[in-house]
Protein chains: 2
Amino acid sequence: MTAELICVGTELLLGNILNTNAAFISEKCAMLGLSMYYQSVVGDNQGRLEELLNTARHRSDVIILCGGLGPTQDDLTKETAAKVMGKPLTEDAQAHKDIEEFMARRGRSITENNWKQAMVPEGCKVLYNPNGTAPGIIMEEGGTCVILLPGPPNELVPMFEEQVCPYLQDRQPDIICSKMVKLCGIGESSAETKIIDLIEQQTNPTVAPYAKTGEVHLRITAKAESEEEAYRMIVPVEEELQKRFGSLIYTDDPQVTLEMAVHELLKKHNLTVTTAESCTGGLVAGRLINVPGISAYLREGYITYSNEAKEKLLGVLPETLRLHGAVSPQTAEEMAAGGAKAAGADLCIAVTGIAGPDGGTEEKPVGLVYMSCYCRGKLYTEKNQYTGSRSKIREYSVASALTLLRKAILSTFGEVDVCG
Amino acid sequence: MTAELICVGTELLLGNILNTNAAFISEKCAMLGLSMYYQSVVGDNQGRLEELLNTARHRSDVIILCGGLGPTQDDLTKETAAKVMGKPLTEDAQAHKDIEEFMARRGRSITENNWKQAMVPEGCKVLYNPNGTAPGIIMEEGGTCVILLPGPPNELVPMFEEQVCPYLQDRQPDIICSKMVKLCGIGESSAETKIIDLIEQQTNPTVAPYAKTGEVHLRITAKAESEEEAYRMIVPVEEELQKRFGSLIYTDDPQVTLEMAVHELLKKHNLTVTTAESCTGGLVAGRLINVPGISAYLREGYITYSNEAKEKLLGVLPETLRLHGAVSPQTAEEMAAGGAKAAGADLCIAVTGIAGPDGGTEEKPVGLVYMSCYCRGKLYTEKNQYTGSRSKIREYSVASALTLLRKAILSTFGEVDVCG
């Protein structure tokens, strides 16, 4: 079954807001096994919306429209969709009552145009809206289903989850399941080269790579007659990916982030960690603290942007800074060892580099970043050379630092040799 | 002149990522005076992209495509667009060289599929890409202009600003100028309420609000026959905004961020600053260190996630933590004063709160965040209550912390009373 999304709103065409509804609805449809091939955005314009709806009804089974159900003159989505589907509008008594009650609860007075929102296409299913005055609508006609939803996410999200999901689940014959395998420490093209044969010969299941900053995610998707069958089909593909990528895979759970995977390792080995950051200036700790519950393992961190702070807080030797400079493997290692000592932690991840745009030299160009991870007496040190803006260099450094932290734990505790 | 946007990427149709490119490009097109009536998203599918391009070229003057220029098999945007526009692909020598150099700088080996990215449609304008391996492309044919851009925002954004904007500006007959006035410390609906009369009666110039995390940006846009005339029309509107928002306005320069505005104030008054962060865990320092040149004013920062770290690094009293708890105005103030003392800094911004999802109580719910700024002996303390996810609460806290830091400097040095 195919689905198509049409978001209505001039504010989207002007770039005033991010289209979070599109991401939400797309993900839900994918989970429900609907194939979405098109998404569109149009303004509050009857002619263009009509044209788009006419195109959509000839190519998609389910058309989801969001936005343009408000009480004002410009809100035309319902009127236009009803016209295209050949349904006259009539007042829905329950919707009328709901609007009355909603406005009374908020202490707001009702204006004449509010009653426009109680009008619904004849014979439709009305999706009552406890969070606003615009009811949602489902219309069916000749095998096509048109679903209208209010634009505000706090109204759309619960309406979709509670009313639209069960409706669509009932209509969907195919079962589609997917699994996400996440890698760190490898680039998108290297990852793809390693599995190009799988990608080229695939039909069902399929594998698709997604590039993220410092990570690559691989989604395996299978279509079958039952959920069990779909997951059974995914197993050998996932095993093959395991064989090819080994410990570069940090999770196969879509909810797990790299920092959560690091947190799991800290928990497993009961290790405390601290951070000693120069160019990343707190962002490595900031990402680790994304994880609820990290407080048992990360108690403190140091931002040592100046040489004085590196000496004072981490005990980096003045001679090291003088001889090798702040951006050097020697300084990174002293930061890591000194940070662990200062915090009394098992681990310390240290980062020092030149984020630019100034400060680069021929020998040490902008984007040169050294990082070192101290782990129970051992040091794991890496040199990286990034390109791009100051913020991009810093973002990549953060991802690499978390990757190195993970490598250091895995290597120290002999889980696998991923540093080779 | 009309523009249309087509974003290519299965990850958008699956809802894996938010379409930030669409918001960015739409806003830029609006600034350039282009009318955008349609946005679409399609997957990496040749047939559907071809169909969409054929529709688009009959209704829009400029078609902007983003995504699908990668080195892999699924990346089909360039091949499909070239086919629709009737242009064969040939290798671009400069693009070939750029790819070689880019990969060498990163120390990555080139795989065969990388060379696909050096192929460009005959007779096109190539937009060289210092931040990645996919060059952008501009093709013109029969009055239609097709612009292809790489999907990763760190490549797309600079390419659009530096190469596409000047190109589109040249093709656009109307002169459209705009100015961005940025506010902090006020919500979108309060900001809009203060200027609803201006928005309702406007034709030319216009004022449009854009909500950002913890900030509101107001764009004033004027259309005229010359640039001078357009800017002359903007002046009285900006003066009116100045009158209504006063020192809530931190800049009228589109390039200046809130952290840059704070940096300017530190420079002006020659003040050093440090950070003492609990729930934000390094992100406040991380944002300040976005500013090149901040090193003269921010030398070190403290991440004190545990009570012990608050005592050890900042000198917060055990009694304060016992009596009032870690999330309290008392603790925030001792963190701020103690941080400034430890670092020998003029200022210290301290943040302590409950980012959730656990750890909330009836009295201190998730989202409660106290922040205090020490500034040369004075303390400025604020209580905030946020809603949303852990990461949303932390993001808002960072924006509020920078806003408070700015307020503290302005108030201490008598520039204006923005704390009233």
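Shown above is the structure to which this text applies.
Everything numeric here is computed off the predicted structure, so don't read it as measured data.

What counts as what
Residues numbered from 1 in each chain as written. Chains lettered and ligands numbered in written order. Predicted model: local features only at pLDDT ≥ 70, side-chain atom pairs only at ≥ 80, totals over all residues. Heavy atoms only, no water. Pairing = 2+ DSSP bridges. Helix = DSSP H or I, 4+ residues; strand = E, 2+ residues; numbered from the N terminus. Core = buried A, V, L, I, M, F, W, Y, C linked by side-chain atoms within 4.5 Å. Buried < 20%, exposed > 50% of the residue type's maximum accessible area, 1.4 Å probe, protein only. Contact = heavy atoms within 4.5 Å. Axes fitted to C-alpha atoms, helices over the stretch in contact; angles between N-to-C directions. Parallel < 35°, antiparallel > 145°, perpendicular 65-115°, else oblique. Left-handed = near helix turned anticlockwise from the far one by under 90°. Nonpolar A, V, L, I, M, F, W, Y, C, P; charged D, E, K, R; others polar. 1 Å grid on protein atoms, 1.4 Å probe; cavity = no way out; pocket = protein on both sides within 12 Å on 5 of 7 lines; lining within 4 Å. Points joined across faces, edges and corners; volume = space filled by probe spheres on them. Salt bridge = Lys/Arg side-chain N within 4 Å of Asp/Glu carboxyl O. Polar contact = N/O pair within 3.5 Å; in protein donor to acceptor, adjacent residues only side chain to side chain. Phe/Tyr/Trp six-rings, centres within 6.5 Å; stacked < 30°, edge-to-face > 60°. Lys NZ or Arg CZ within 6 Å of the ring centre and 35° of its normal.

*Asks:* Could you clarify how one ought to interpret the pairing of strand S17 (residues 378–385) of chain B in this entry?
*Replies:* The side chains of a regular strand alternate between the sheet's two faces. Here strand S16 (residues 368–375) of chain B runs beside S17 of chain B; their pairing, made up of eight bridges, is antiparallel. Among the inter-strand pairings, tyrosine 374 of chain B is bridged to a residue of S17 of chain B, identified as leucine 379 of chain B.

*Asks:* Would you explain the nonpolar core in this entry?
*Replies:* Within soluble globular proteins, side chains that are nonpolar generally end up buried alongside one another. Judged by nonpolar contacts, the single largest core of 83 residues is most densely connected at Leu266, Leu347 and Leu405 of chain A together with Leu266, Leu347 and Leu405 of chain B. Among the elements that take part in this core, helix H14 (residues 390–412) of chain A stands out by supplying 10 residues, more than any other. Beyond its immediate chain neighbours, meaning those up to four positions away, leucine 347 of chain B contacts Leu266, Leu271, Thr272, Val273, Thr274, Ala340, Cys373, Tyr374, Cys375, Leu405 and Ile409 of chain B. Residues Cys165 of chain A together with Leu127, Cys165 and Tyr167 of chain B belong to the second largest nonpolar core, which totals 57 residues.

*Asks:* Looking at this structure, I do not really get the packing of helix H3 (residues 46–57) of chain A against helix H4 (residues 77–84) of chain A. What am I missing?
*Replies:* Packed helix pairs are specified by the crossing angle of their axes together with the interaxial distance, meaning the distance between the axes. All names here are of chain A. Direction vectors running N to C along H3 and H4 enclose 45°, while the axes themselves pass 10 Å from each other. With respect to H4, the axis of H3 lies oblique. Crossing handedness for the pair H3 and H4: right-handed. Taken together, the residues of H4 that come into contact with H3 (itself represented by Gln46, Leu49, Glu50, Leu53, Asn54 and Arg57) are Thr77, Thr80, Ala81, Lys83 and Val84. Partitioning the contact of H3 with H4 into residue classes produces four nonpolar, four polar and three charged.

*Asks:* Got a minute to help me understand the layout of surface pockets in this structure?
*Replies:* Over the atoms rolls a probe the size of a water molecule, and its path tells where empty space is left. All names here are of chain B. Considered as a void within the structure, the second largest pocket measures approximately 450 Å³ in volume. The wall of the second largest pocket is formed by 21 residues, among which Gly187, Lys212, Gly214, Tyr386 and Tyr396 lie closest to the centre. Going through the elements one at a time, strand S10 (206–212), strand S11 (215–224), S17 and helix H15 (390–412) are the ones with two or more residues in the lining of the second largest pocket. With six residues, the single largest contributor to the lining of the second largest pocket is H15.

*Asks:* Help me out: how do you make sense of the interface of chain A and chain B in this one?
*Replies:* Facing 74 residues of chain A, the contacting portion of chain B comprises 73 residues. Counting every contact that joins chain A to chain B gives four salt bridges. Between chain A and chain B we count 29 residue pairs in polar contact (both at pLDDT 80 or more) in total. In terms of residue class, the side of chain A that touches chain B is built from 33 nonpolar, 25 polar and 16 charged. Bridge count between strand S2 (residues 35–42) of chain A and strand S2 (residues 35–42) of chain B: five bridges; the pairing is antiparallel. Across the sheet, residue serine 40 of chain A finds its bridge partner in S2 of chain B, namely serine 40 of chain B.

*Asks:* Any chance you could explain unusual backbone geometry here in plain terms?
*Replies:* Among all residues save glycine, negative phi is the norm, and among peptide bonds the norm is trans. Residues asparagine 204 of chain B and proline 205 of chain B are joined by a peptide bond in cis, for which omega reads 0°. Assignment of secondary structure puts proline 205 of chain B in the loop between helix H8 (196–200) and S10. Residue proline 357 of chain B is reached from glycine 356 of chain B by a cis peptide bond, and omega for that bond is 0°. Along the polypeptide, proline 357 of chain B turns up in the loop between strand S15 (347–353) and S16. Positive phi is not limited to glycine here, since arginine 376 of chain A has a value of about 40°. Position of arginine 376 of chain A among the secondary structure elements: in the loop between strand S16 (368–375) and strand S17 (378–385).

*Asks:* Any chance you could explain the pattern of salt bridges here in plain terms?
*Replies:* Under the criterion given, the structure shown has 43 salt bridges over all chains. Among the ionic pairs, lysine 87 of chain A bridges to glutamate 141 of chain A, the shortest N-O distance being 3.0 Å. A residue pair is termed long-range when its members are at least 10 positions apart, and lysine 87 of chain A in the loop between H4 and strand S4 (89–91) and glutamate 141 of chain A in strand S7 (residues 136–141) qualify at 54 residues. The class of lysine 87 of chain A is buried, set by a relative accessible area of 18%. Relative accessible area serves as the criterion here: at 36%, glutamate 141 of chain A is assigned to the partly exposed category. Glutamate 240 of chain B is the salt-bridge partner of lysine 243 of chain B, the closest N and O atoms lying 3.6 Å from each other. Placement of the pair is lysine 243 of chain B and glutamate 240 of chain B together in helix H9 (residues 227–245), with a separation of three residues, close to one helical turn. Lysine 243 of chain B sits in the exposed class, given a relative accessible area of 66%. In this structure, a network of salt bridges that share partners links the residues Asp197, Glu240, Lys243 and Arg244 of chain A.

*Asks:* Help me understand the sheet that holds strand S10 (residues 206–212) of chain A, please; the structure alone is not making it clear to me.
*Replies:* Backbone-to-backbone hydrogen bonds pair the strands of a sheet. The strands run either parallel or antiparallel. Residue and element names in this part refer to chain A. On the basis of which strands lie adjacent, the open sheet formed by four strands has the order S10-S11-S9-S12 and antiparallel pairing. A single partner strand is all that each edge strand has here, and the edge strands are S10 and strand S12 (249–251). On average, each strand axis in the sheet is tilted by 35° relative to the strand beside it, whichever way the strands run. In this sheet, strand S11 (residues 215–224) lies alongside S10 in antiparallel orientation, the contact comprising seven bridges. Residue pairing for S11: tyrosine 210 is matched across the bridge by histidine 217.

*Asks:* I would appreciate a short explanation of empty space enclosed by the protein in the present structure.
*Replies:* Counted under the stated rule, the structure contains seven cavities of 30 Å³ or more. Quantified by volume, the largest cavity comes out at close to 170 Å³. Surrounding the largest cavity, 21 residues form its lining, Asn19 and Val41 of chain A together with Asn19, Ala22 and Val41 of chain B being those nearest its centre. Those elements that place two or more of their residues in the lining of the largest cavity are strand S1 (2–8), helix H2 (20–31) and S2 of chain A together with strand S1 (2–8), helix H2 (20–31) and S2 of chain B.

*Asks:* Could you clarify how one ought to interpret the packing of aromatic side chains in this entry?
*Replies:* One pair of aromatic rings is described through two measures. These are the centre distance and the angle between the planes. The full count for this structure, using the stated rule, is four aromatic pairs over all chains. Here tyrosine 386 of chain A and tyrosine 396 of chain A contribute two aromatic rings whose centre-to-centre distance is 6.0 Å and whose plane-to-plane angle is 25°, an arrangement assigned as stacked. Placement of the pair is tyrosine 386 of chain A in the loop between S17 and H14 and tyrosine 396 of chain A in helix H14, with a sequence separation of 10 residues. One Lys or Arg, arginine 48 of chain A, reaches over the ring of tyrosine 37 of chain B and ends 3.8 Å from the middle of that ring. Sitting over the ring of tyrosine 38 of chain B, arginine 59 of chain B keeps its end group 3.6 Å from the ring centre.

*Asks:* I keep staring at the sheet that holds strand S15 (residues 347–353) of chain A and nothing clicks. Help me out?
*Replies:* Overall, mixed pairing links the 10 strands, which are arranged S17(A)-S16(A)-S15(A)-S13(A)-S14(A)-S14(B)-S13(B)-S15(B)-S16(B)-S17(B) in an open sheet. Each edge of the open sheet carries a strand with a single partner, namely S17 of chain A together with S17 of chain B. Direction aside, neighbouring strands of the sheet carry axes that sit 10° apart on average. In this fold helix H11 (residues 307–314) of chain A packs onto strand S13 (273–277), strand S14 (300–304) and S15 of chain A together with strand S14 (300–304) of chain B, with an angle of close to 150° to the strand it touches most, S14 of chain A. Against the sheet, helix H13 (residues 329–343) of chain A contacts S13, S14, S15, S16 and S17 of chain A, and its axis sits at roughly 145° relative to S15 of chain A.

*Asks:* Explain the environment of glutamate 200 of chain A here, please?
*Replies:* One can find glutamate 200 of chain A in helix H7 (residues 188–201). Sequence separation between glutamate 200 of chain A and glutamine 172 of chain A is 28 residues; the distance between their C-alpha atoms is 28 Å.

On their own, these measurements won't tell you what the molecule is for.
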